[in-house]
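Read off the chains here:
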Amino acid sequence: MEYTYSDELYSDFHKDAYGVRPGESGFRYWNSLTPAQKQAEWERMGETMRAEQEWEKQQQERAVVDFEQHVLNTIATGARDRATALRWIMDASSADGDWDYFCYQNGLPYGYFKEAA
C-alpha cells in the first residue's frame, strides 16, 4: 500500500477538512493510528474537504444570484445604474467601503467585485 498521508501536515489538513485544528486529543488519536489507519483517515479528511469545498461553492453561487437580484431591486427602486446601486448598498452595509469584507459578510466569492468590474 502506498501511503500519501503526512504527519507534518495533519494539523493543516484537519483544519482544511473540519475548520479547526485537531487539538491535543486529536493529535493523540492520530499518533495512536497505524500507518494504514492514518492513510484511511487521511483519505476521509480529503473526502470531507472536497465535500465542504463543493458546498461552499454552491453557497457562493446562491449568494451571487441573491446579490445580483438585490442590485436589480435597488435599481428598480431608484438607483440610476449599477454603480449607484452598489454605492447605496455599500453605504447601507457595515463594511465601511471594504468590498472584500463585504464579500465575506455576504457569502460572495472573495474578489467578486474585482472580477465583476
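Our structure's up above, just so we're on the same page.
Treat the numbers as computed from the prediction; the structure is a model and nothing was measured. (Residues numbered from 1 in each chain as written. Predicted model: local features only at pLDDT ≥ 70, side-chain atom pairs only at ≥ 80, totals over all residues. Heavy atoms only, no water.)

From N to C terminus, the protein chain includes 6 helices and 0 strands. Ordered by position from the N terminus, the helices and strands of the protein chain form the series α-α-α-α-α-α. What you see for the protein chain is a C-alpha radius of gyration of 21 Å, clearly larger than the 13 Å of a compact globule of 117 residues, by over 25%. Per-residue burial over the protein chain gives 32% buried out of 117 residues. Counted over contacts in the protein chain with a minimum sequence separation of 6, partners at least 24 positions apart contribute 43%. Entry remark: accessible area of the protein chain is about 8,000 Å², with carbon and sulfur atoms responsible for 51%. Both charge centroids of the protein chain, one from 12 positive and one from 21 negative side chains, sit 2 Å from each other. (Helix = DSSP H or I, 4+ residues; strand = E, 2+ residues; numbered from the N terminus. Rg over C-alpha atoms; globule rule 2.2 N^0.38 Å. Buried < 20%, exposed > 50% of the residue type's maximum accessible area, 1.4 Å probe, protein only. Contact = heavy atoms within 4.5 Å. Areas by Shrake-Rupley, 256 points an atom, 1.4 Å probe, with all protein chains shown as cover. Lys, Arg positive; Asp, Glu negative; His and termini not counted. Charge placed at Lys NZ, Arg CZ, Asp CG, Glu CD.)

Summed over the entire model, instances satisfying the criterion amount to 14 aromatic pairs. Pairing Tyr 10 with Phe 27 gives two aromatic rings, centres 5.6 Å apart and planes at 75°, and the pair type is edge-to-face. Of this pair, Tyr 10 sits in helix α1 (residues 10-18) while Phe 27 is found in helix α2 (residues 23-32), placing the two residues 17 residues apart along the sequence. Given the relative accessible area of 3%, Tyr 10 is considered buried. Taking relative accessible area as the criterion, Phe 27 reaches 35% and is therefore assigned partly exposed. Note on Trp 99 and Phe 102: the rings are 5.4 Å apart at their centroids and 65° apart in plane angle, and the pair reads as edge-to-face. Taken together, the positions of Trp 99 and Phe 102, both in helix α5 (residues 99-106) and 3 residues apart, correspond to about one turn of that helix. (Phe/Tyr/Trp six-rings, centres within 6.5 Å; stacked < 30°, edge-to-face > 60°.)

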